Amino acid sequence: KMFLSLLEGSTSQKVYNGPFIMKTSDYYLLATAIVLFSISVLCAMAETSFVKINKINVLSMVDQGKKNALKLQKMVDAPEGTLNTVLLVVLITQLGTASIISIIVEEIGGIGAVVGSILAEIIVFFVLGEVAPKTFAVQNTEKVVLKLTPFLWLLTRFPLFRLISSGLIGLANILLPGKGLKK
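Residues numbered from 1 in each chain as written. Predicted model: local features only at pLDDT ≥ 70, side-chain atom pairs only at ≥ 80, totals over all residues. Heavy atoms only, no water.

Draft legend 1. Spotlight on the overall build of the chain. Counting its secondary structure elements, the chain contains seven helices and zero strands. Burial analysis of the chain (183 residues in total) assigns 32% to the buried set. Residue pairs in contact within the chain that sit at least 24 positions apart in sequence constitute 80% of those at least 6 positions apart. When the accessible area of the chain is evaluated, it comes to approximately 11,800 Å², of which 70% is carbon and sulfur surface. (Helix = DSSP H or I, 4+ residues; strand = E, 2+ residues; numbered from the N terminus. Buried < 20%, exposed > 50% of the residue type's maximum accessible area, 1.4 Å probe, protein only. Contact = heavy atoms within 4.5 Å. Areas by Shrake-Rupley, 256 points an atom, 1.4 Å probe, with all protein chains shown as cover.)

Have a look at this one:
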């Protein structure tokens, strides 16, 4: 009953005053959401191709002198740093995108519109943000992982992401004591 009263929106119900006109700040928010979503798509491809590639293939790429293979080898030799950072960036970009879209949609149509946008976002994120890029990465693993190695390298070397990722892994180890990956 409480949920229904929220949907009916006693306090956040919008009164229709003609067509919605986006403010300049809404355009900036929308552009930010598009950039964040694009980064999340890159992360989905990078994560899948990185996990799917094996050390023997990477060594072969290094021997063949393929561009970015040496950086890829360094990341494959210690995958936890790369994967943890990519997962953090995926969370930041997807939650950021969803939050921004909810802000814009709430201005347009209130809480009911936000609920509808959440359902639409789930579909868009699942199909365009996860399934499609990951399927492409599985079908073109070597090509994708080599192209996205500089992107992965940059993410994993960015000090703020490393600090946050390490801190959250430390918190996880306190909550669920473990010893990490065996070397």
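Text resumes after the structure shown.
Draft legend 2. Seen up close, the pattern of salt bridges. Throughout the structure, instances matching the rule amount to three salt bridges. The salt bridge involving K134 is made with E47; its shortest N-O contact spans 3.7 Å. Linking K134 in helix α5 (residues 79-139) with E47 in helix α2 (residues 24-52), this pair joins segments that are 87 residues apart in sequence. A salt bridge links K66 to E142; its shortest N-O distance comes to 2.5 Å. Taken together, the positions of K66 in the loop between α3 (55-63) and α4 (69-77) and E142 in helix α6 (residues 141-157) put the pair 76 residues apart, joining distant regions of the chain. When its relative accessible area of 31% is taken as the criterion, E142 is described as partly exposed. (Salt bridge = Lys/Arg side-chain N within 4 Å of Asp/Glu carboxyl O.)

Draft legend 3. Representation of a positive patch on the surface. On the surface, K71, K74, R157 and R162 cluster together into a patch of positive charge. Tracing the backbone shows R157 in helix α6. (Patch = residues over 30% accessible without salt bridge, like charges linked within 9 Å, V, L, I, M, F, W, Y side chains within 5 Å. Lys, Arg positive; Asp, Glu negative; His and termini not counted. Charge placed at Lys NZ, Arg CZ, Asp CG, Glu CD.)

Draft legend 4. Structural detail: the nonpolar core. By size, the foremost hydrophobic cluster in this structure holds 25 residues, and its most contacted members are C43, M61, L72 and L155. Mapped by element, the contributors of at least two residues to this core are α2, α3, α4, α5 and α6. The biggest single contributor to this core is α6, with eight residues. Excluding its chain neighbours within four sequence positions, the residues that come into contact with L72 are F50, V58, M61, V145, L146 and T149. In this structure, A33, L36, I100 and V114 belong to the second largest nonpolar core, which totals seven residues. (Core = buried A, V, L, I, M, F, W, Y, C linked by side-chain atoms within 4.5 Å.)

Draft legend 5. Structural view of the packing of α3 against α4. α4 packs onto α3 with a crossing angle of 155° between their chain directions and a minimal axis gap of 9 Å. It follows that α3 is roughly antiparallel to α4 by the angle criterion. Crossing angle aside, the handedness with which α3 passes α4 is left-handed. Contact residues: α3 offers K55, V58, L59, M61 and V62, while α4 offers A69, L70, L72, Q73, V76 and D77. Across the contact of α3 with α4, the residue classes break down as eight nonpolar, one polar and two charged. (Axes fitted to C-alpha atoms, helices over the stretch in contact; angles between N-to-C directions. Parallel < 35°, antiparallel > 145°, perpendicular 65-115°, else oblique. Left-handed = near helix turned anticlockwise from the far one by under 90°. Nonpolar A, V, L, I, M, F, W, Y, C, P; charged D, E, K, R; others polar.)

Draft legend 6. How the structure looks around the packing of α5 against helix α7 (residues 159-175). Direction vectors running N to C along α5 and α7 enclose 100°, while the axes themselves pass 9 Å from each other. Relative to α7, α5 is oriented roughly perpendicular. Of the residues in α7, those in contact with N84, T85, L88, V89 and I92 of α5 are F161, I164, S165, L168 and I169. Split into classes, the residues belonging to the contact of α5 with α7 amount to seven nonpolar, three polar and no charged.

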